[in-house]
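Commentary on secondary and tertiary structure
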Amino acid sequence: MCSYNAVNGVPSCANTELLTTQLRGNWGFDGYVTSDCHAVVDIPEDHHYIGTNDTTKAVLQAGMDSDCGQFFQDNLEAAYLSGSVTDHDIDTALSRLARIQFRLGMFDPPGASPYFSLGAEDIDTSDHRQLALEASLQAMVLLKNEGALPFSKQTQTVAVLGPNANDTTVLQGNYHGAAPYLITPLMGLSKYASCSYAPGCVNVFSNDTSGFDQAVQLAKQAERVVLVVGNNVAKDNPVAEREGLDRTFLTFPGKQEELIEQVAAASTKPIVLVVIAGGCIDLTAAKSNAKVGAILWSGYAGQSTGDAVAMTLFGDNNPSGRLTQTFYPQYYVEYNYVSMFNMNMRPDPELDYPGRTHRFYNGSVVYPFGYGLSYTTFERHLALDINHTMTYDQLAQWITESQYKPVDAPIVGTL
């Protein structure tokens with residue numbers, strides 16, 4: 001799929017170097033290329049790269065075969081009748097599309113492919129539901145654990161608090177179908193203990209703090225407290241995280257920071273913070289708060305989110321997820337710290353520009369790309385025999401041969 005952006009000044013869907021030379025030539029791609037759904041329209045209307053007729057010709061000759069959007073439907077016929085687009089242009093794209101269909105067996109006789117026998121009963125099977133749960137379990141990223149997790153199986157009462165604790169609309173993010181069920185953290189935790197519930201905030205965007213008192217009271221009474229916060233992809237809210245919207249801050253929306261502080265202060269034991277969100281959030285305050293004993297990043301983990309959260313908190317799932325992005329502090333987007341007028345990835349000391357992404361950004365972070373804890377502890381025992389010597393080459397050979405030995409295998413030798 002060719003995207004909305006331009007590469008070296010040429011829109012991706014009209015970029016011959018990208019789609020033909022690199023993709024098909026150097027990488028040996030043998031499929032078809034479709035556009036992102038507004039990417040072709042962007043070429044004349046937003047990039048102002050070339051006109052409409054020339055755009056139709058340019059994308060086909062660059063190597064794009066199918067338009068996800070409306071552009072070809074509105075403009076391909078006129079471009080063909082004007083002679084701008086030729087039979088060869090169309091035949092090339094159609095042949096690539098047809099070859100994929102043949103490879104998929106779409107023109108095989110009935111019964112020749114095992115896929116012809118599949119019906120509605122083969123959707124949402126028990127195996128599919130188990131796979132959805134497994135995906136949710138693997139999505140759990142443990143960011144902090146100061147002895148707060150896992151919960152004892154003897155835990156009787158849990159206060160499940162926060163605006164995302166029982167909100168089914170937040171679990172799937174966006175670009176999703178209709179799930180057969182949606183299990184919230186409250187539903188999942190209720191399978192392990194007796195749970196009390198208060199949202200604290202009406203939703204993640206609300207500035208109404210009238211529900212704080214109830215949440216605080218429940219936090220005082222329960223053995224353990226789980227506070228579920230985060231973000232949302234609500235289309236009707238200007239501070240949500242979604243396609244086509246740039247967030248202008250990295251902190252929690254609404255009054256969630258205050259809710260975290262008050263609930264943590266009221267709880268008799270350090271609380272567990274569960275974050276359901278997609279983009280990074282500045283978790284500096286929670287990370288440094290001694291009354292926040294653990295932070296679990298869930299993401300939008302789908303229909304089994306609640307079960308995955310509960311199984312992780314009660315130790316039936318050893319979290320193995322890792323962050324797919326760098327978590328930056330709020331000042332990353334403040335005071336023009338990372339200029340939106342500079343799209344370079346590498347740092348530039350002369351411009352006081354810190355760079356972008358985990359590879360090049362040289363400033364401080366809240367949590368780095370790839371970060372994640374588990375409940376497993378590791379020990380490595382090394383023993384040195386000072387009476388034996390070896391060369392560097394011999395040591396390198398020994399390391400190569402010994403890398404799969406048990407952890408208590410001694411390192412022998414001195415240099």
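For the structure, see preceding data.
The structure reproduced in this document is the subject of the present report. (Residues numbered from 1 in each chain as written. Predicted model: local features only at pLDDT ≥ 70, side-chain atom pairs only at ≥ 80, totals over all residues. Heavy atoms only, no water.)

1. Quick word on the packing of aromatic side chains
Summed over all chains, the structure comprises eight aromatic pairs. Judged by centre distance (4.6 Å) and plane angle (10°), the rings of Tyr192 and Phe314 are stacked. With Tyr192 in the loop between α7 (185-189) and β5 (194-198) and Phe314 in the loop between α11 (305-313) and α12 (357-360), the pair connects residues that are 122 residues apart, well separated along the chain. Under the relative-accessibility criterion, Tyr192 is labelled partly exposed at 25%. A residue is classified by how much of its surface remains accessible, and Phe314, at 2% relative accessible area, is buried. Ring plane angle 20° and centroid distance 3.9 Å describe the contact between Tyr328 and Tyr332, whose orientation is recorded as stacked. Grouping aromatic residues by their ring pairs yields a cluster made of Phe151, Tyr192 and Phe314. A cation sits over an aromatic face here: Lys287 above Tyr367, 4.6 Å from the ring centre. (Phe/Tyr/Trp six-rings, centres within 6.5 Å; stacked < 30°, edge-to-face > 60°. Helix = DSSP H or I, 4+ residues; strand = E, 2+ residues; numbered from the N terminus. Buried < 20%, exposed > 50% of the residue type's maximum accessible area, 1.4 Å probe, protein only. Lys NZ or Arg CZ within 6 Å of the ring centre and 35° of its normal.)

2. A look at the state of the cysteines
This model, assessed by the stated rule, comprises two disulfides. Each sulfur in the disulfide pair Cys2 and Cys13 lies 2.2 Å from the other. Between Cys2 and Cys13 the sulfur-sulfur dihedral comes to about 100°; the bridge is accordingly right-handed. Here Cys2, found in the segment before β1 (6-7), pairs with Cys13, found in the loop between β2 (10-11) and α1 (16-26); they are 11 residues apart in sequence, far enough to count as distant. Shown here is the disulfide that connects Cys37 with Cys68, its sulfur atoms set 1.7 Å apart. Across the S-S bond of Cys37 and Cys68 the torsion is about 40°, and the bridge reads as right-handed. Here Cys68 lies in the loop between α3 (52-62) and α4 (71-81) and Cys37 lies in the loop between α1 and α2 (39-45), a separation of 31 residues in the sequence. For Cys37, a relative accessible area of 38% corresponds to the partly exposed category. Not part of a disulfide, Cys195 finds its nearest cysteine sulfur in Cys201, a span of 19 Å. (Disulfide = S-S within 2.5 Å.)

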